[in-house]
Amino acid sequence: MNYHVLTLFPEMIENCIETSITGRAINKGIISFEAVNIRDYATNRHKHVDDYPYGGGAGMVMQVEPIHLACNAIKEKAGANTRVIYLTPQGRVFNQSIAKELAKEEELIFLCGHYEGVDERVIEMDVTDCISIGDYVLTGGELAAMVVIDAVSRMVPGVLSNEDSGVNESFENNLLEYPQYTRPEIYEGYKVPDILLSGHHANIEKWRREQSIYRTLKYRPDLLDEAVLDKKDKKYLENIKISLHSQD
Ligand code: ADE
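Residues numbered from 1 in each chain as written. Predicted model: local features only at pLDDT ≥ 70, side-chain atom pairs only at ≥ 80, totals over all residues. Heavy atoms only, no water.

Peer 1: Please set out the site of the ligand residue by residue, giving values where relevant.
Peer 2: Neighbouring the ligand are the residues Leu 87, Thr 88, Pro 89, Ile 131, Ser 132, Ile 133, Gly 134, Tyr 136, Val 137, Leu 138, Gly 140 and Ala 144. A distance of 3.2 Å separates a nitrogen atom of the ligand from a polar backbone atom of Thr 88. Ile 133 has a polar backbone atom sitting 3.0 Å from a nitrogen atom of the ligand. In isolation the ligand has 260 Å² of accessible area, and contact with the protein removes 95% of it. For the ligand, the cavity whose grid points lie within 2 Å of the majority of its atoms is the largest pocket. Every element with two or more residues in the shell around the ligand is listed here: strand 5 (83-93) and strand 7 (129-132). When residues in the shell around the ligand are grouped by element, the largest group, three residues, is from strand 5. Tallied by class, residues from the shell around the ligand come to eight nonpolar, four polar and no charged. (Near = heavy atom within 4 Å. Polar contact = N/O pair within 3.5 Å; in protein donor to acceptor, adjacent residues only side chain to side chain. Areas by Shrake-Rupley, 256 points an atom, 1.4 Å probe, with all protein chains shown as cover. 1 Å grid on protein atoms, 1.4 Å probe; cavity = no way out; pocket = protein on both sides within 12 Å on 5 of 7 lines; lining within 4 Å. Sits in = over half its atoms within 2 Å of the grid points. Helix = DSSP H or I, 4+ residues; strand = E, 2+ residues; numbered from the N terminus. Nonpolar A, V, L, I, M, F, W, Y, C, P; charged D, E, K, R; others polar.)

Listed below in structure tokens is the structure:
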């Protein structure tokens, strides 16, 4: 997986991606990235990349030309059909299934906007996907690009040291993850649930499954509509719904 990030702040991307698990994946040669400074493609003497909006209004708009030139330069190496992802609050809201879908690509271009956004012609000419990381407005697309890159990278084979650790986790099958504990067994009176110390594999699996369902009902009931539940799961869900109602 090769990431190409178009930005006015390359150091923001570099500092972030070179840390922790993505940094290790870069060292292992599983992923690579380049942060491309859009300003390098400005054709005017002062290296301006933004201008006032036609029609008036607040703020500045990023101009089409430097972005278009930078995109073309990347596509020369990465391929003309490389997806170009623009990070914007107006995009499709990012989730785990989009992360998995993007992880299948070999090259991805990310475009980080600033100011009042980019000239709409960039979106018409170059952008293939608009992605938002949630219903709030950031000062720029860099943090959003890093969120997407981080989540996509975890789904690239070989990035996680234990391939399994991507399977039993939140949003897998639209359920939140069960609670995890490690040593010590008791900390300031707070105990690890007995079942996890029992050594009884089947019971532990059952408990974890139920915890996943319980947490999803409690914190993200919207996810349950799409969750794949078997007969036992459904029965458990009905029971906890009844007991939660009776506590109301
Ligand atoms: N740029 C500014 N706000 C954003 C958001 N919520 N998601 C993606 N890109 C953004």
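Having seen the structure, we can now continue with the description.
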